[in-house]
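# Fold and geometry: a report
One-letter residues, chain by chain:
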Amino acid sequence: MPNSSSSAQAPRPIPPKGVNEPLHAGAEDQSSSAARPDSADGDVLARAQAGDHHAFAQLYALHKRRIYSLCLRMVGNVAEAEDLTQEAFLQLHRKIATFRGDSAFSTWLHRLAINVVLMQLRKKGLSLISLDEAMEPAPEEGPSRSFGAPDLTLTGAIDRLALERAVADLPAGYRLIFILHDVEGFEHNEIASMLDCSIGNSKSQLHKARLKLRDALRAQKRPEERP
Amino acid sequence: MTGDPGKMTCAEFQAQLPELVGSGEDAAAHPHLMDCDRCRALLADLETIAEAARQLFPSVEPPDEVWAHIESAIKREGK
């Protein structure tokens, strides 16, 4: 359980580009836009801000799936994701009165949850993310490492489960950048702001993450392709 | 490094790739790729991975205990 007294930074109103926006929220909001959190939030949100516990429970029901899924993607561990979801909603409970509607509530909450996860990762010693090292490729990670036989390309559909396994096996820093950019849809400038690194480092780290995923997927594919 | 993009080595091209891809330029139109199967395959793979990422990790429900813990913590904080 993360320290619930920790003070996650108030989320900034930078909206995620949201390639996964349809993942919005819980079972209650999967079927139609009318049931999406932001359209349902207005009255419930106002009541929760006024201290109505039942309304806060409704907000949880609307957003739990999206926030839990985000945490799970970012840390790759069920128990940790549960703790982080708990912490994110506790932070929400403490800060909800400060939400002024500068951005969509779901965006604000999404950002709050990311900050909670980042704080936890920092506590665990993930130096975000040894990013400087990314600018100094180790000899074994240099560009030549990517030279492969053209016949071992990944063209065509990638097996989703294989890719998810490969992502789970990435070092934490690479996984974080990959999830934020390629899965969650944040731009490099947003990631740089969140992780306090340069935009160039974000691009470089993402590139390395994709290269590692390519290596992992090719390694899986290789035995199938060779007689 | 050579000044002519079409005469880049693979190492030079791949060193530029993070910026090229990250800046949203059409990396596939880079002159180096006209004659380089390996780098073309590399770029195609990276684009395939990025595209596939959008379908990853379907959302899942947290267990009910999470809400129970949140409620307990809120009550504790309210005392």
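Residues numbered from 1 in each chain as written. Chains lettered and ligands numbered in written order. Predicted model: local features only at pLDDT ≥ 70, side-chain atom pairs only at ≥ 80, totals over all residues.

## Considerations on the overall build of chain B
Counting its secondary structure elements, chain B contains three helices and zero strands. Secondary structure of chain B in N-to-C order comes out as α-α-α. By the compact-globule yardstick of 12 Å for 79 residues, chain B is too spread out, its C-alpha radius of gyration being 24 Å. Its C-alpha atoms put chain B at 70 × 25 × 20 Å along the principal axes. (Helix = DSSP H or I, 4+ residues; strand = E, 2+ residues; numbered from the N terminus. Rg over C-alpha atoms; globule rule 2.2 N^0.38 Å.)

## Some points on the overall build of chain A
Per the secondary structure count, chain A includes nine helices and zero strands. Mapped from its N terminus to its C terminus, chain A presents α and β elements in the order α-α-α-α-α-α-α-α-α. Relative to all contacts within chain A whose residues are 6 or more apart in sequence, the contacts with residues 24 or more apart total 75%. (Contact = placed C-beta atoms within 7 Å.)

## A look at the nonpolar core
In this structure, A:Cys71, A:Ala88, A:Ala113, A:Val117, A:Ile177 and A:Phe178 are the most contacted members of the largest nonpolar core, which totals 70 residues. Here A:Phe178 is in contact with A:Val167, A:Leu170, A:Val183, A:Leu206 and A:Ala209, once residues within four sequence places are set aside. (Core = buried A, V, L, I, M, F, W, Y, C linked by C-beta atoms within 7 Å. Buried ≥ 20, exposed ≤ 12 C-beta atoms within 10 Å, placed from the backbone.)

## Brief notes about the environment of A:Val117
Residues and elements named next belong to chain A. Within the fold, Val117 resides in helix H4 (residues 105-123). For Val117, a count of 25 C-beta atoms within 10 Å corresponds to the buried category. Look past the residues within four positions of Val117 in its chain and what remains in contact with it is Cys71, Met74, Val75 and Leu84.

## Observations regarding the confidence of the model for chain A
Residues and elements named next belong to chain A. Here chain A averages 74 in pLDDT, while 65% of its residues score no lower than 70. In the predicted structure, residues 1-36 sits below a pLDDT of 50 and forms 79 contacts with residues beyond four places in sequence or in another chain. A low-confidence stretch, residues 129-151 stays under pLDDT 50, and its non-local contacts, those more than four residues away or across chains, total 32 contacts. (pLDDT = per-residue confidence, 0-100.)

## Observations regarding unusual backbone geometry
Although it is not a glycine, B:Phe57 adopts a positive phi angle of roughly 50°. By secondary structure assignment, the location of B:Phe57 is in the loop between helix H2 (37-53) and helix H3 (64-78).

## A closer look at the confidence of the model for chain B
Residue and element names in this part refer to chain B. Chain-level statistics for chain B give a pLDDT mean of 87 and a share of 91% at 70 or above. Between the elements of chain B, mean pLDDT differs from a low of 90, seen in helix H1 (residues 10-22), to a high of 93, seen in H3. The ipTM assigned to the predicted complex is 0.81, against a pTM of 0.70.

## As for the domain arrangement of chain A
All names here are of chain A. As far as domains go, chain A holds domain 1 (21-123) and domain 2 (131-138 + 151-225). Taken together, the six residues of domain 1 in the interface contact seven residues of domain 2. Of all the secondary-structure elements, those providing two or more residues to the side of domain 1 that touches domain 2 are helix H2 (53-75) and H4. Among the elements that line the side of domain 1 that touches domain 2, the one with the most residues is H4, at three residues. For the side of domain 1 that touches domain 2, a count of residues per class yields four nonpolar, one polar and one charged. (Domains from an automatic or database assignment. Nonpolar A, V, L, I, M, F, W, Y, C, P; charged D, E, K, R; others polar.)

## Some thoughts on the packing of H2(A) against helix H3 (residues 78-95) of chain A
Residues and elements named next belong to chain A. Two elements in contact, H2 and H3, have axes separated by 8 Å at closest approach and are oriented at 135°. Taken together, H2 and H3 sit at an angle that is classed as oblique. Considering the relative orientation of H2 and H3, their crossing is right-handed. Each of Phe56, Tyr60, Lys64, Ile67, Tyr68, Cys71, Leu72 and Val75 in H2 lies in contact with H3, whose residues at this interface are Val78, Glu80, Ala81, Leu84, Thr85, Ala88, Phe89 and His93. Here the residues of the contact of H2 with H3 sort into twelve nonpolar, two polar and two charged. (Axes fitted to C-alpha atoms, helices over the stretch in contact; angles between N-to-C directions. Parallel < 35°, antiparallel > 145°, perpendicular 65-115°, else oblique. Left-handed = near helix turned anticlockwise from the far one by under 90°.)

## Some thoughts on the interface of chain A and chain B
At the junction of the two partners, chain A supplies 43 residues and chain B supplies 36 residues. Contributions of two or more residues to the side of chain A that touches chain B are made by H2, H3, helix H6 (160-168), helix H7 (172-183) and helix H9 (199-225) of chain A.

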